[in-house]
Amino acid sequence: MGVGGCLALPWRCLVVLCLRLLFLVPAGVPVRSGDAAFPKAMDNVTVRQGESATLRCSVDNRVTRVAWLNRSSILYAGNDKWCLDPRVVLLANTKTQYSIQIQDVDVYDEGPYTCSVQTDNHPKTSRVHLIVQVSPKIIEISSDISINEGGNVSLTCIATGRPDPTITWRHISPKAVGFVSEDEYLEITGITREQSGEYECSASNDVAAPVVQRVKVTVNYPPYISDAKSTGVPVGQKGILQCEASAVPSAEFQWYKDDKRLAAGQKGLKVENEAFFSRLTFFNVSEQDYGNYTCVASNQLGNTNASMILYGPGAVHDGNNGAWRRAGGAWLLPLSLAHLLLKF
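Values in this document were obtained by computation on a predicted structure and should not be read as measured data. (Residues numbered from 1 in each chain as written. Predicted model: local features only at pLDDT ≥ 70, side-chain atom pairs only at ≥ 80, totals over all residues. Heavy atoms only, no water.)

1. Quick look at the overall build of the chain
Inclusion rule: Only runs of H or I of at least four residues qualify as helices and only runs of E of at least two qualify as strands under DSSP, and these elements are numbered from the N terminus. Relative accessibility decides the category of a residue: with a 1.4 Å probe and only protein chains considered, values under 20% of the type maximum give buried, values over 50% give exposed, and everything between is partly exposed. Any two residues whose heavy atoms approach within 4.5 Å are treated as being in contact. Working definition of accessibility: Shrake-Rupley area with a 1.4 Å probe, residue cover restricted to the visible protein chains.
The helix and strand inventory of the chain stands at two helices and 25 strands. In the chain, which comprises 344 residues, the proportion classed as buried is 38%. Taking all contacts inside the chain whose residues are at least 6 apart in sequence as the whole, residues at least 24 apart take part in 62%. Accessible surface, the chain: about 19500 Å² in total, of which carbon and sulfur atoms supply 52%.

Next comes the structure, spelled out in structure tokens:
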């Protein structure tokens, strides 16, 4: 409860009635400001939650009695404290000013406060309205989400504050420009992989610095091989074929020569698989290593493959269809003779 909760019933009602009779302020009479010759209290006092609010009432030598009230409850009458709230203290009771302070203000303290004075047997009142501002606070926000490409995403960010905060969403991405939504809700239809990443909700009301929270949106999509190049290596040298693929979740890689799958521990070969690429290393290239190789990248959403060639010096290969041959025909004669000798 606010500072209005001062005395327990039935004494509270009795005291308020006595004070009204003392100041000749009948119940139900609208609160009015004093005349031009008599200074009135401040019109409004605006403070932030947790700060102290000072309520001042100007008086002069005509004043014989004075009090501060909150709605129908007495806070102070003269130097006497009638309110049990320890946060309410008397600051000044002089010939020119009668002021109180409410410490550690909260939202329930907001509302009208009345300064009542008795002058020349004529009661005068003036009212000040206490406005309590509250910093923005995000009380509800969507959890991180994982969705397949092409799906629909709905994000929610709920915040409180006084005045009501303004909520905006923006995509934390080098390519993103400006806000993607100026509302509590962010709807994305047919999401793409470029729209994955973090989305930041900001709540601001100029009372304090904006508060921000982020939601991570993961967009899943099948593998896409972005780089796979053929390589020429002399016999006896080290050769490397590399396959790069983008996928979420990360792709699993497999290597084939023609239709035969290559094992990771196969003699003379090393297969290294990372999140976005796979590397096939030949430590000592032989004539038997030359040929067409296929990299297969797959995840639960699909698979794709790319072919590349390991060839020797002087070989001519077609990067489009994987066909390859030696330049010139002189090298065919020794191979043909060797093949015939083996048959015998």
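Read on, since the account is not over.
2. Overview of the sheet that holds strand β16 (residues 231–232)
To keep it simple, the criterion reads: Here the rule is simple: two strands pair whenever DSSP picks up at least two bridges between them.
The five strands are arranged β16-β23-β22-β18-β19 in an open sheet whose pairing can be described as mixed. The outermost strands of the open sheet, each flanked by one partner alone, are β16 and β19 (260–261). As defined by bridge partners, strand β22 (residues 291–299) adjoins strand β23 (residues 302–311) across nine bridges and the pair is classed as antiparallel. Bridge pairing links Thr-294 to Ser-307 in β23.

3. Thoughts on the state of the cysteines
Filter applied, for reference: The disulfide definition used here is simple: a pair of cysteine sulfur atoms within 2.5 Å.
Applying the stated rule across the entire model yields three disulfides. Put simply, Cys-157 and Cys-201 are joined by a disulfide, and their sulfur atoms are 1.9 Å apart. One quick way to see it: the torsion about the S-S bond of Cys-157 and Cys-201 is about -75°, and its sign makes the bridge left-handed. Note that Cys-157 is positioned in strand β11 (residues 153–162) and Cys-201 in strand β14 (residues 197–204), a separation of 44 residues in sequence. In terms of burial, Cys-157 and Cys-201 fall into one category: buried. A disulfide bridge connects Cys-243 with Cys-295, and the sulfur atoms are separated by 2.2 Å. Here the disulfide of Cys-243 and Cys-295 is left-handed, its torsion about the S-S bond being about -80°. Taken together, the positions of Cys-243 in strand β17 (residues 239–248) and Cys-295 in strand β22 put the pair 52 residues apart, joining distant regions of the chain. The same class applies to Cys-243 as to Cys-295, namely buried. Among the cysteines of the chain that take part in disulfides, numbered as they appear in the sequence, the pairing is 1-2, 3-4, 5-6.

4. Structural notes on the side chain of Ser-202
By the element assignment, Ser-202 lies in strand β14. By relative accessible area, Ser-202 is classed as buried at 15%. Non-local contacts of Ser-202, meaning those with residues more than four positions away in its chain, are made with Thr-166, Ile-167, Thr-168, Pro-210, Val-211 and Val-212.

5. Section: the pairing of strand β13 (residues 185–188)
Here β13 shows a clear split, with Leu-186 and Ile-188 buried on one side and none of Tyr-185 and Glu-187 buried on the other. Where β11 lies against β13, four bridges are found, and the strand directions are antiparallel. Bridging from a neighbouring strand, Ser-154 pairs with Glu-187 of β13.

6. Concerning the sheet that holds strand β2 (residues 53–58)
Pairing between the strands of a sheet comes from backbone hydrogen bonds, and it takes one of two forms, parallel or antiparallel. Put simply, the rule is: Lines fitted to C-alpha atoms define the axes, with helix axes restricted to the stretch in contact, and inter-axis angles between N-to-C directions lie between 0 and 180 degrees.
Strand order in the open sheet formed by three strands is β2-β7-β6, and the pairing between neighbours is antiparallel. Here the strands that pair on one side only, and so sit at the sheet edges, are β2 and β6 (88–93). Neighbour-to-neighbour, the strand axes of the sheet open up by a mean angle of 15°, direction not taken into account. As paired strands, β2 and strand β7 (residues 97–102) are joined by six bridges and run antiparallel to one another. Within β7, the position partnered with Ala-53 by the bridge is Ile-102.

7. Some details on the layout of surface pockets
Under the convention used in this document: A 1.4 Å probe that fits into a set of points on a 1 Å grid over the protein atoms alone but cannot get out defines a cavity; an open set with protein on both sides within 12 Å along at least five of seven lines defines a pocket, and lining residues are those with an atom within 4 Å of a point. Grid points are joined across faces, edges and corners, and a volume is the space filled by probe spheres set on the points. Asp, Glu, Lys and Arg are counted as charged, while Ala, Val, Leu, Ile, Met, Phe, Trp, Tyr, Cys and Pro are counted as nonpolar; the rest, among them Gly, fall into the polar class.
Considered as a void within the structure, the second largest pocket measures approximately 190 Å³ in volume. Every residue lining the second largest pocket is counted, 15 residues in all, and those nearest its centre are Gln-266, Leu-269, Phe-282, Asp-289 and Tyr-293. Looking at the lining of the second largest pocket residue by residue, the classes come out as six nonpolar, five polar and four charged.

8. Here we look at the pattern of salt bridges
Operational definition: What makes a salt bridge here is a side-chain nitrogen of Lys or Arg within 4 Å of a carboxyl oxygen of Asp or Glu, nothing more.
Under the definition given, this model contains nine salt bridges. Between Arg-62 and Asp-60 there is a salt bridge, and its shortest N-O distance comes to 2.9 Å. Between Asp-109 and Arg-87 there is a salt bridge whose closest N-O contact spans 2.8 Å. Of this pair, Asp-109 sits in the loop between β7 and β8 (111–119) while Arg-87 is found in the loop between β5 (80–81) and β6, placing the two residues 22 residues apart along the sequence. There is no split in this pair, since Asp-109 and Arg-87 are both buried. Among the charged side chains, a network of salt bridges with common partners joins Arg-170, Glu-198, Glu-200 and Arg-214.

9. Some points on the pairing of strand β21 (residues 277–282)
Bridge count for β17 against β21 is six bridges, and the pairing is antiparallel. Within β21, the residue paired with Cys-243 across the bridge is Ser-278. Two strands pair when backbone bridges link them, and strand β20 (residues 269–273) and β21 are joined in this way by five bridges, in the antiparallel orientation. Bridged to Leu-269 within β21 is Phe-282.

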